[in-house]
Amino acid sequence: MSRYTQEEEVVIVKDEDKTQMKNAVDFMLYTYFKVTADESKESIMAKIVDRAYADATIRGAYNAILPPELKAKSDAAKKTVSDRMVSDFMYVVFEKDFDPVSIMDHVKAVYDEEVNGSSEYFSFGNAQKWVNMTVKYILVVSELISAGNGEHEFCKLGKALEKKKDRLDLPVDSYILEKMWDMKEITIPIRSERKGKYTADKVKPWSRWSKEDYMIFRESLHKSIKCPVDWEASAWI
């Protein structure tokens, strides 16, 4: 016979469920972002920005083409941008006219001044990937955290973005370009005719996109897809 009343047993089960949920959420968060739901919103944001940077600069997208002598300047530019993005995203997502492109412009300007010079090691394509992945991760991480603790301060950022979701962009990468190849209503910069099966050599790599490339793409994207963020979430899987 149980030494607990029925009401006490219900409380114990609920507490165990909460613990299991928290452990599951923390496992997912730490595996991908090296963060747990116990951390502050600033700490979570910093690790999200860092993870998004890795996605935006992976291999030939930036790191492999950066001359070794510019590594120190690149690290300094990354810190400048990361610090600014962490602080900016704490409040700009709540603005009625939140515009991710303005953040992309800032990112690109820092790298133009600190790293690029007369070259184009870090492109607008890199900037859009960094900013758009940050936005995507805010949405994903806030959903994960809210499953265990909906009162966490970080969840407010995700809720603010949710209200603007139809206006948000999606992170452009080679996989998404392949998915969009047959969607002729969406304009993507190409190297040859947009015919036949998709191959990477037919399109301009996302990491080499200019702002003009991105803005033309962006306009056609929002005319063609009601909520690009939701479309990308299912298309990417």
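Residues numbered from 1 in each chain as written. Predicted model: local features only at pLDDT ≥ 70, side-chain atom pairs only at ≥ 80, totals over all residues. Heavy atoms only, no water.

So, the nonpolar core
In terms of nonpolar packing, the biggest core is built from 69 residues, with F89, V107, Y111, W130 and F217 touching the most fellow members. Looking at this core, the element that brings in the most residues is helix α5 (residues 124-149), giving 11 residues. Excluding anything up to four places from it in sequence, V107 contacts V81, M85, F122, A127, W130 and V131. (Core = buried A, V, L, I, M, F, W, Y, C linked by side-chain atoms within 4.5 Å. Buried < 20%, exposed > 50% of the residue type's maximum accessible area, 1.4 Å probe, protein only. Helix = DSSP H or I, 4+ residues; strand = E, 2+ residues; numbered from the N terminus. Contact = heavy atoms within 4.5 Å.)

Quick word on the packing of aromatic side chains
Counting across every chain of the model gives 15 aromatic pairs. Each ring, one from Y62 and one from F122, has its centre 5.4 Å from the other, and the planes form 80°; the classification is edge-to-face. Within this pair, whereas Y62 is found in the loop between α2 (41-57) and α3 (71-89), its partner F122 is found in the loop between α4 (100-116) and α5, the two being separated by 60 residues in sequence. Given the relative accessible area of 0%, Y62 is considered buried. Among the aromatic residues, ring-to-ring pairing joins Y53, Y62, Y111, F122 and W130 into one connected group. The aromatic ring of W236 is capped on one face by K136, whose charged end is 5.3 Å from the ring centroid. The ring of W181 has R194 lying over it, and the distance from NZ or CZ to the ring centre is 5.9 Å. (Phe/Tyr/Trp six-rings, centres within 6.5 Å; stacked < 30°, edge-to-face > 60°. Lys NZ or Arg CZ within 6 Å of the ring centre and 35° of its normal.)

Some remarks on helix α8 (residues 211-224)
The first and last C-alpha atoms of α8 sit 20 Å apart over 14 residues, in line with the 20 Å expected at 1.5 Å per residue. Listing the buried residues of α8 in full gives D213, Y214, F217, R218, S220 and L221. Its buried side turned inward, α8 meets α4, α5, α7 (174-180) and α9 (228-235). (Expected span 1.5 Å × (residues − 1).)

Some details on the environment of M85
Along the chain, M85 falls in helix α3. You can call M85 buried: its relative accessible area is 1%. Between the alpha carbons of M85 and V131 there is a distance of 8.5 Å; along the sequence they are 46 residues apart. Sequence-distant contacts of M85, defined by excluding residues within four places in its chain, comprise V49, I103, V107, W130, V131 and T134.

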